[in-house]
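# Inside the fold
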Number of protein chains: 4
Amino acid sequence: YRMVNLYGKHVAVAWPDSEVEGVKDEAVEIMVKTKKSYVLAGNEWKRDPTVVKVGDVEIGGNKVVVAAGPCAVESEEQTETVAKAVKRAGASLLRGGAYKPRTSPYSFQGLGEEGLRILRKAGDETGLPVVSEILDPRDREVFGKYADMVQVGARNSQNFTLLRELGRLGKPVLLKRGLGNTVEELIQSAEYIMMEGNGNVVLCERGIRTFEKSTRFTLDIGGMVAGKLMTHLPFCADPSHPAGKRELVHSLALASVAAGADMLLVEVHPRPEVALSDSEQQLTPESFQLLMERVRALASVLGRST
Amino acid sequence: YRMVNLYGKHVAVAWPDSEVEGVKDEAVEIMVKTKKSYVLAGNEWKRDPTVVKVGDVEIGGNKVVVAAGPCAVESEEQTETVAKAVKRAGASLLRGGAYKPRTSPYSFQGLGEEGLRILRKAGDETGLPVVSEILDPRDREVFGKYADMVQVGARNSQNFTLLRELGRLGKPVLLKRGLGNTVEELIQSAEYIMMEGNGNVVLCERGIRTFEKSTRFTLDIGGMVAGKLMTHLPFCADPSHPAGKRELVHSLALASVAAGADMLLVEVHPRPEVALSDSEQQLTPESFQLLMERVRALASVLGRST
Amino acid sequence: YRMVNLYGKHVAVAWPDSEVEGVKDEAVEIMVKTKKSYVLAGNEWKRDPTVVKVGDVEIGGNKVVVAAGPCAVESEEQTETVAKAVKRAGASLLRGGAYKPRTSPYSFQGLGEEGLRILRKAGDETGLPVVSEILDPRDREVFGKYADMVQVGARNSQNFTLLRELGRLGKPVLLKRGLGNTVEELIQSAEYIMMEGNGNVVLCERGIRTFEKSTRFTLDIGGMVAGKLMTHLPFCADPSHPAGKRELVHSLALASVAAGADMLLVEVHPRPEVALSDSEQQLTPESFQLLMERVRALASVLGRST
Amino acid sequence: YRMVNLYGKHVAVAWPDSEVEGVKDEAVEIMVKTKKSYVLAGNEWKRDPTVVKVGDVEIGGNKVVVAAGPCAVESEEQTETVAKAVKRAGASLLRGGAYKPRTSPYSFQGLGEEGLRILRKAGDETGLPVVSEILDPRDREVFGKYADMVQVGARNSQNFTLLRELGRLGKPVLLKRGLGNTVEELIQSAEYIMMEGNGNVVLCERGIRTFEKSTRFTLDIGGMVAGKLMTHLPFCADPSHPAGKRELVHSLALASVAAGADMLLVEVHPRPEVALSDSEQQLTPESFQLLMERVRALASVLGRST
């Protein structure tokens, strides 16, 4: 068996070839037997929803948390402009890509560490904790230094090497679902992080690959709802990537909140038409402000705050 | 070209091999050229949203219309019990299957015309217009006699023979999207109905086939939102079939309304556990009442009524 | 229970609510209990592969049967030209669409009964039995008159009204898989035909809807192979529709034969570039001749003839 | 622009924001402009098919190359037994997993470096070059030491960090398609490797995620055929993973070869029923021997050897 410290408890997880009943360790408060392909991320042993703290922001509690910012950090000015705008509109977290996993090697690959530094600065100036995507397990230290929450993108959703490393880093993780992965596999990926003692994982539905082509990806709201019944971890929805077009982002964001999303991840750019990536789907600051007002009204009738 | 009377207008639609400019008919008020694979269902020539009237109920206007009732009409008692319950809870239409398209020929196939008669009676007693699914173009008369709105199921979404017949019947049509059809194809199917002069079509998103297995189908809310930008026809969402499990129905219904659905189609059974079909996904009357309260609260912040 | 005459036997099939053990009918030779969602089409009660005869042509035996011809019958000349060419190249059946189920109502819809007449004439002149697609159950008589084998297209794969009618018509049926249907559902659709006493059904894999866009549909060869283990009915593969481009047709045809297809359905047009439908994917007569040579060589090493 | 040495040539690849026409470098023999999302992997600049050499084995030439071996290296004895068996049957390469990317962290994760050492030894004893999957870019050296060809699995198909590292390592790469990736994206992933100067990439079709459940994944043979028209790189097909059941493996393997696969990757285990992973889909040595005979016969009529 393996001992994991999670949520302030000593948890013993049994391997398929061992028996948790045999555990004699006095420090063990909870013992979990492996019945499913995920254990620690499942809600059989932990009924209460997990609240993930990023700075002062609580994800998974009453509040619908909104993280917003540019697809890619392009410059100090662009990032600061967006940071102030999303802060003013009511966002709780600042997002921005520094290392960009682009399908084509000929697309803009991000500013790297410099991008993280810019994001950190904009976050500090506005008081917003920052979240950014990691691609390489060897970048662990630089993310440890600059980021408040580390994002795993759809393409690395089953990059178990990276997941284990983030389990050891200990920072809150925003784990996106892979394009071709089931909700169950998403939860199994979270298990890789939690096995290393990091229970601060937020799962993110961001659309899957289907035959439908009027949207970029198919936002699987049903999968998110079904997933919430399987895990104690909070769920984020990303309405920007499945939309692919900014006219669709508001409706997908509202639908996600109505379905029970604990968090939204929204791309906002001061001038989307000149953005170096995802130009079509980023909201203007004005549109984001309107979205926040709509989310706020919606959250209130659902008994939640923003 | 072809002359179609739609929404009180004389519309001339040009074939690919003809020219609408050449139309000299004085009665023609609107001329539409074929540029896309759908024309009459598109919103290039008709900007205002279409309101489909079923009895006194208006679908596509301010109100979020809810149609509810059993998957299948099983008996007079069952149907009346449900009809009264959904009426009391605030539903505007009564749904119920009389001819059931079951994947297996060994499953319950519905009561046929007797089922329609029972549905009609329950509708009359409660003052709810009724909607039921047609499978055979030769049943046109019997549906003309009993139904207020005729439903085309997912399996017949591209049964063009049936669609044309419903175009001629003239009754309002609830047209479901096929399991493997794009939103564009759904709109093209509506075109087949409209070509015969029947503009009273409500499109229905009911989930598509994907690899995800935690839900029965994947409700494509993004497809519905994208579809609303392509057509003037109203959109209905069916949260029951994609859910497959009753615990998921509320969330999918709320998400659909938040995303802009004009109508909901919900399965309700007095005792779901003994239902002859779709036992897992039908709501109890109590659960449906709660759903209506939640939909009402949600609609109000969206500036809509129920 | 229901009595069905199939393959010269009296078969009693039990309903879920009845018991086949209780059958006392002396005429019953075989009794089948309903355990799965399909029975007559399954191979639990009938181990030997079924051979479907269309004229003198046997589908499901040693020979790899090739049906070829135009997507749509356009004229007497076009059809005769193709019929002679495919006959010369070694095809055993002539295919051609008279009633075309086009996604858009503005596309060419086929010549109707006149198309069937032309096809019949070309078949008679070349000695090739003919196969054509039916869309409307009310066209039963006209197909009874002109066609040797009746095709059900992908869009009507779950049009149970049509399937039942073809069960009663009794002619051999080529049943295509729906774009969003599983192999199991295809077999269940065959069950609807067989329940009416018609066991002459050939199942056809023609590609399913997936996210991949370099081909028109995804030919599911694995599904066909898995299906062959579930049923005694023969399998046809249609390489033309999934290809969408003629450069891909040969490879998909050869792959299908290597995987065990009993029949191929190939679109051939004397001048594909001016075809009224599916222009991109129809083979020229020359290319078809080459394909037949390649199929012949392949079949020989598999121990089959053509 | 970027200078890349590929296939013994100096190639200059232009960035979207630069111009290859401006290149004045005398060493440049070939200049490629970025028109598509992939360049070096495309066949516009390099018409002749690329032959990838692994030891003495040539992939992409006349021979259909077969790599076979266990899903996971479990012990020295198991690996040697399989190695001798597949060698005897005619395989050209030995495959075996040392680092296993298992969806669940509670499944067997492989023997790690010890597994690679065992594989190397078995390869040396039988004279078969070895191929094994890498998960972590930091394992570059250990793979450099033990492996002749490095495999990138489906889950890491868009792990660009890992791909770049393998581009620098320089060893031949077997690059699998991700479960939710298009063929175009697979080719774009190869571009990441080639950009670092490593042109020895074999693309591998191994099945995609679809709604069909009678097979584990849907082997996209059409995608492979379409892909071969887009790239000069050779294609491998993996019939074992999409099959999921050993009864289907032969047919999928033969179909792949008939469709033009240059290589097959087949799982073979001395006693599949006790295998620590993928127990259902591994062939016995006897079944593999029969498969090789069938592949050999098939290849001969296609004008290829094995």
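Not measured: the values here are computed from a predicted model.

### Observations concerning the relation of the copies chain D and chain A
When chain D is brought onto chain A, the operation consists of a screw motion whose angular component is 180° and whose axial shift is 0.0 Å, with 0.0 Å RMSD remaining. Seen this way, the second copy is the image of the first under a two-fold rotation axis. Relative to the rotation axis, the C-alpha of D:Gly180 is the closest in chain D, positioned 2.0 Å from it. The overlap is high: 97% of the interface residues of chain D also sit at the interface in chain A, so the same surface is used on both sides.

### Observations regarding the interface of chain D and chain A
Taken together, the contact between chain D and chain A spans 37 residues of the former and 36 residues of the latter. For the chain D and chain A pair, buried surface summed over both sides reaches about 3,000 Å², with 52% attributable to carbon and sulfur atoms. Our count for the contact surface shared by chain D and chain A stands at four salt bridges. Here A:Glu185 makes a salt bridge to D:Arg209, at a shortest N to O gap of 2.7 Å. Breaking the side of chain D that touches chain A down by element, the ones donating at least two residues are α4 (160-169) and α5 (183-194) of chain D. Classifying every residue of the side of chain D that touches chain A by side-chain character gives 15 nonpolar, 13 polar and nine charged.

### Overview of the environment of D:Tyr146
Residues and elements named next belong to chain D. Following the sequence through the fold, Tyr146 ends up in helix α3 (residues 140-146). Exposure remark for Tyr146: the relative accessible area of 10% places this residue in the buried category. Each C-alpha atom, one on Tyr146 and one on Val131, is 9.2 Å from the other, the two residues being 15 residues apart in sequence. Look past the residues within four positions of Tyr146 in its chain and what remains in contact with it is Glu113, Leu116, Arg117, Arg120 and Val130.

### A look at the pairing of strand β11 (residues 201-205) of chain B
Residues and elements named next belong to chain B. Most of β11 sits inside the fold, with five of its five residues counted as buried. Here β11 shows no split at all, with Val201, Leu203 and Glu205 on one side and Val202 and Cys204 on the other all buried. In this fold, strand β10 (residues 173-176) hands off to helix α5 (residues 183-194), which returns the chain to β11; that crossover is right-handed. Note: β11 against strand β12 (residues 235-237), three bridges, orientation parallel. For Glu205, the partnering residue across the bridge sits in β12 and is Ala237. In terms of handedness, the path from β11 via helix α6 (residues 221-228) over to β12 forms a crossover that is right-handed.

### Considering the relation of the copies chain D and chain B
Once turned by 180° and shifted 0.0 Å along the axis, chain D lies on chain B with an RMSD of 0.0 Å. In this assembly, 100% of the residues forming the interface of chain D have copies in chain B that are likewise at the interface, indicating an isologous arrangement.

### Looking at the interface of chain D and chain B
If you look at the interface, chain D gives four residues, while chain B gives four residues. Surface buried jointly by chain D and chain B totals about 360 Å² across both partners, of which 75% is contributed by carbon and sulfur atoms. There are zero residue pairs in polar contact (both at pLDDT 80 or more) connecting chain D and chain B. Split by residue class, the side of chain D that touches chain B holds one nonpolar, one polar and two charged.

### Regarding the pattern of salt bridges
Tallying each qualifying case throughout the model produces 100 salt bridges over all chains. Its salt-bridge partner being A:Asp262, residue A:Lys228 comes within 2.8 Å of it at the nearest N-O pair. Of this pair, A:Lys228 sits in helix α6 (residues 221-228) while A:Asp262 sits in the loop between α8 (246-258) and β13 (263-267), placing them 34 residues apart in sequence. Classification of A:Lys228 by relative accessible area gives partly exposed; the value is 28%. Overall, A:Asp262 belongs to the buried group, its relative accessible area being 5%. One salt bridge connects B:Arg120 with B:Asp124, and the closest N-O pair in it is separated by 3.1 Å.

### Let's talk about the pairing of strand β1 (residues 2-6) of chain D
Residue and element names in this part refer to chain D. As judged from the five bridges shared by β1 and strand β2 (residues 9-13), these two strands associate in the antiparallel manner. The residue of β2 that forms the bridge with Arg2 is Val13. Hairpin connection between β1 and β2: a loop of two residues separates the two successive antiparallel strands, and Tyr7 in this loop has a positive phi of roughly 50°.

### Considerations on the packing of helix α9 (residues 285-301) of chain A against helix α9 (residues 285-301) of chain B
Contact geometry for α9(A) and α9(B): axes closest at 9 Å, N-to-C directions at 155°. Considered as vectors, α9(A) and α9(B) are oriented roughly antiparallel to each other. Handedness of the crossing formed by α9(A) with α9(B): right-handed. Between α9(A) and α9(B), the residues in contact are A:Ala297, A:Leu298 and A:Val301 and B:Ala297, B:Leu298 and B:Val301, respectively. Residues belonging to the contact of α9(A) with α9(B) are distributed by class as follows: six nonpolar, no polar and no charged.

### A closer look at the domain arrangement of chain A
The accessible area lost on association of the parts is a frequent measure of interface size. Residues and elements named next belong to chain A. You can read the domains of chain A as domain 1 (1-35) and domain 2 (43-301). For domain 1 and domain 2, the distance between their C-alpha centroids amounts to 32 Å. Contact residues are listed per partner, giving ten residues for domain 1 and twelve residues for domain 2. Buried area between domain 1 and domain 2, summed over both chains or domains, comes out near 860 Å², and the portion from carbon and sulfur atoms is 69%. Three residues, Arg2, Leu6 and Tyr7, lead the burial of domain 1 against domain 2; their summed loss comes to 59% of the area buried on that side. In this assembly, domain 1 and domain 2 are joined by one salt bridge. The partner of Glu196 in a salt bridge is Arg2, and the shortest N-O contact between them spans 3.3 Å. Counting every contact that joins domain 1 to domain 2 gives three residue pairs in polar contact (both at pLDDT 80 or more). Only β1 (2-6) and β3 (30-32) provide two or more residues apiece to the side of domain 1 that touches domain 2. Classifying every residue of the side of domain 1 that touches domain 2 gives seven nonpolar, one polar and two charged.

Criteria and cut-off values
Residues numbered from 1 in each chain as written. Chains lettered and ligands numbered in written order. Predicted model: local features only at pLDDT ≥ 70, side-chain atom pairs only at ≥ 80, totals over all residues. Heavy atoms only, no water. Least-squares fit on C-alpha atoms with pLDDT ≥ 70 in both. Contact = heavy atoms within 4.5 Å. Buried area = accessible area lost by both parts, 1.4 Å probe. Salt bridge = Lys/Arg side-chain N within 4 Å of Asp/Glu carboxyl O. Helix = DSSP H or I, 4+ residues; strand = E, 2+ residues; numbered from the N terminus. Nonpolar A, V, L, I, M, F, W, Y, C, P; charged D, E, K, R; others polar. Buried < 20%, exposed > 50% of the residue type's maximum accessible area, 1.4 Å probe, protein only. Right-handed = clockwise from strand over helix to strand, strands pointing away. Pairing = 2+ DSSP bridges. Polar contact = N/O pair within 3.5 Å; in protein donor to acceptor, adjacent residues only side chain to side chain. Axes fitted to C-alpha atoms, helices over the stretch in contact; angles between N-to-C directions. Parallel < 35°, antiparallel > 145°, perpendicular 65-115°, else oblique. Left-handed = near helix turned anticlockwise from the far one by under 90°. Domains from an automatic or database assignment.

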